Amino acid sequence: MNRDQTYVIPLDYGDRKGEREFVRAILNRYDRDTLVGAVLFVNNNPYSLQSFLCLNFWKDSEDFEQWLGAHHPTKMRDFRFLFSEIGDAVFQKGFNALSFTDDSMIELQMSEEPNGIYLFPDRDLMNERFGKPNTTSTLSVFLSHSSRDKPFVDSVFSELHKNDIRAWYDRYEIHPGDSITECINEGLRKCHLGLLFFSKNFLDPRSGWPMNEANYFFSQRMREKKKNFIVVNLDLEVSEMPPLMQDYLFIDWRSPGAIQQLVDAITREQKAL
């Protein structure tokens, strides 16, 4: 027994050029008795640019699911929205809508340039006209520290930022509800340099994370044979430091000009990348 089956599939608003072939493949694969509705919904709110392809199958929806998984595995149904809800949004939230009858409409209605459906150009055209946005520093520094030393690390983070040095600091990277482990792993993966703030608190077994982070940077240095961390000594004697770390020249925070030494050391690493 045939019955309606609806699918809501997000499209990339800023890459219509890339999405056109996906839409064309669907329209050419299924006839009008099978695919009884193919509607493009576009939200042109600049703070929430969205584009959806809503499909209504009268039969053979199982074939579509198999074809989608085999040929376009990155295209996923968006279960947050129902077809009826998006349809209502055309009137309530300013969505534009277009119903496809065949693939002859695709080039015009999904053009890279603004048109009656899409009010903003494709991402590549925007980048050509205004320049590609680039706000990423050439170096990310991971601040490894004991939570009991945060007042000190706060001041260091502020100084680094004033010197145009991007730093990964858990205070600003981990938010309520986040997985602490996942966030720290991501920070370690994307940072090129670790700042290890060695202190009595850092070495305290109750601190947990700091020594695990230090071990990561140390083992990575042993494997890759390149400088990837700087030790900042807050309050330890050399003999109190871990034996394998005693070989590395550290910055003594009790010495005059320590912050400038730190900035200069990071800047040298930045230039060496």
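Right, let's walk through the structure included here. Just so it is clear, the structure is predicted and the values come from calculations on it, not from any experiment.

What follows concerns the packing of aromatic side chains. How two aromatic rings sit relative to each other is set out by the distance from centre to centre and by the angle between their planes. Per the stated rule, a full pass over the model turns up 18 aromatic pairs. Look at Y30 and F57: their rings are 5.1 Å apart centre to centre, the planes differ by 90 degrees, and that puts the pair in the edge-to-face class. Taken together, the residues span a long stretch of sequence, with Y30 in the loop between α1 (16–29) and β2 (35–43) and F57 in strand β3 (residues 50–57) at a distance of 27 residues. Of the two residues examined, Y30 and F57, each falls in the buried class. Three or more aromatic residues link up through ring pairs in this structure, and these residues are Y7, Y30, F57, F64 and W67.

Looking now at the state of the cysteines. Here the structure, examined in full by the defined rule, presents zero disulfides. Here C183 is not cross-linked by a disulfide; its sulfur's nearest cysteine counterpart is in C191, at 12 Å. With relative accessibility at 17%, the residue C183 sits in the buried group.

What the four strands build is an open sheet, ordered β1-β3-β2-β4; its pairing is antiparallel. Since the sheet does not close on itself, it has two edges, and those belong to β1 (5–11) and β4 (96–99), each with one partner. Pairs of neighbouring strands in the sheet enclose a mean axial angle of 20 degrees, with direction left out of account. Note that β2 and β3 share eight bridges and pair antiparallel. Paired with V39 across the two strands is C54, which belongs to β3. The strands touched by helix α2 (residues 61–71) within the sheet are β1 and β3, with β1 carrying the most contacts at an inclination of about 25 degrees.

Cut-offs applied
Residues numbered from 1 in each chain as written. Predicted model: local features only at pLDDT ≥ 70, side-chain atom pairs only at ≥ 80, totals over all residues. Heavy atoms only, no water. Phe/Tyr/Trp six-rings, centres within 6.5 Å; stacked < 30°, edge-to-face > 60°. Helix = DSSP H or I, 4+ residues; strand = E, 2+ residues; numbered from the N terminus. Buried < 20%, exposed > 50% of the residue type's maximum accessible area, 1.4 Å probe, protein only. Disulfide = S-S within 2.5 Å. Pairing = 2+ DSSP bridges. Axes fitted to C-alpha atoms, helices over the stretch in contact; angles between N-to-C directions. Contact = heavy atoms within 4.5 Å.

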